[in-house]
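Structure at a glance
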Amino acid sequence: MVGALTPNAQMALGGIVALLVLATVGVFVFNRLAPDNGVNELTPRLRSWWIMVATFSAAMTISRTASLIFLALISFLALKEYLSLVTVRRADRSIALWAYLAIPLQYYWLFSGYYDTALLFVPL
């Protein structure tokens, strides 16, 4: 299904996979040469990067709808993480609710092809 991606996207995805393969081989070699060198913490990080790249690649190659739903979910989780890190006053909670409700609307416009409306809606 990689044929659904543009050539530039295929090259970018191939470059990311090549970097991950290189990093995986490097961590494997370092673990063999010096197991007590503290490189062991990189193994779970690399595993999580492989999972992220595989999930993103699957969403991008399945269909346009799947990639928009995936990106909407990522946008929701990023906003949730951001709002959990900053102090939200009681007066700001209604604005946070509107921000959450704006995510499906934004991606619906992108899905429908109203790119200008979606781009204008971002700063508003």
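Residues numbered from 1 in each chain as written. Predicted model: local features only at pLDDT ≥ 70, side-chain atom pairs only at ≥ 80, totals over all residues. Heavy atoms only, no water.

Section: the overall build of the protein
Defined as follows: Helix and strand labels come from DSSP, where a helix needs a run of H or I of at least four residues and a strand needs a run of E of at least two; each type is numbered from the N terminus. Only the C-alpha atoms count toward the radius of gyration. The rule for a globule is 2.2 Å times the residue count to the power 0.38. The buried label goes to any residue with under 20% of its type's maximum accessible area, the exposed label to any with over 50%, and the partly exposed label to all in between, with areas taken from a 1.4 Å probe on protein chains only. Only heavy atoms matter for contacts: two residues are in contact if any of them lie within 4.5 Å across the pair. Exposure was quantified through the Shrake-Rupley algorithm and a 1.4 Å probe, taking into account, for residues, occlusion by the shown protein chains and nothing else. We score Asp and Glu as negative and Lys and Arg as positive, and we do not count His or the chain ends. Every charge is mapped onto a representative atom, which is NZ of Lys, CZ of Arg, CG of Asp or CD of Glu.
Within the protein, the regular secondary structure consists of 5 helices and 0 strands. In sequence order, the secondary structure elements of the protein are arranged as α-α-α-α-α. For 124 residues, the compact-globule estimate of 2.2 N^0.38 gives 14 Å, and the C-alpha radius of gyration of the protein, at 20 Å, exceeds that figure by more than 25%. Taking the principal axes of its C-alpha atoms as reference, the protein extends roughly 55 × 45 × 20 Å. Looking at the protein as a whole, 19% of its 124 residues are labelled buried. For the protein, the share of sequence-separated contacts (at least 6 apart) that also reach a separation of at least 24 residues comes to 48%. Put simply, the protein shows about 9,500 Å² of open surface, and 72% of that area lies on carbon and sulfur atoms. Placing the 8 positive and 5 negative side-chain charges of the protein at their respective mean positions leaves the two points 7 Å apart.

Considering the pattern of salt bridges
Inclusion rule: The term salt bridge refers to a pairing of a side-chain nitrogen on Lys or Arg with a carboxyl oxygen on Asp or Glu at a separation within 4 Å.
Following the criterion strictly, the structure yields 1 salt bridge and no others. Note that Asp92 is salt-bridged to Arg89, the shortest N-O span being 3.2 Å. Given the relative accessible area of 56%, Arg89 is considered exposed.

Some points on the packing of helix H2 (residues 42–62) against helix H3 (residues 64–85)
This is how it is decided: Axis definition: a line fit to C-alpha positions, over the contact stretch in the case of helices; interaxial angles, taken between N-to-C directions, run 0 to 180 degrees. Oblique is the label for any angle not under 35 degrees, not over 145, and not in the 65 to 115 range, which are roughly parallel, roughly antiparallel and roughly perpendicular in turn.
Here H2 crosses H3 at 140°, and the two axes come no closer than 5 Å. Put simply, H2 runs oblique to H3. In this structure, H2 contributes Thr55, Phe56, Ala59, Met60 and Ile62 to the contact, and H3 contributes Ala66, Ser67 and Phe70.

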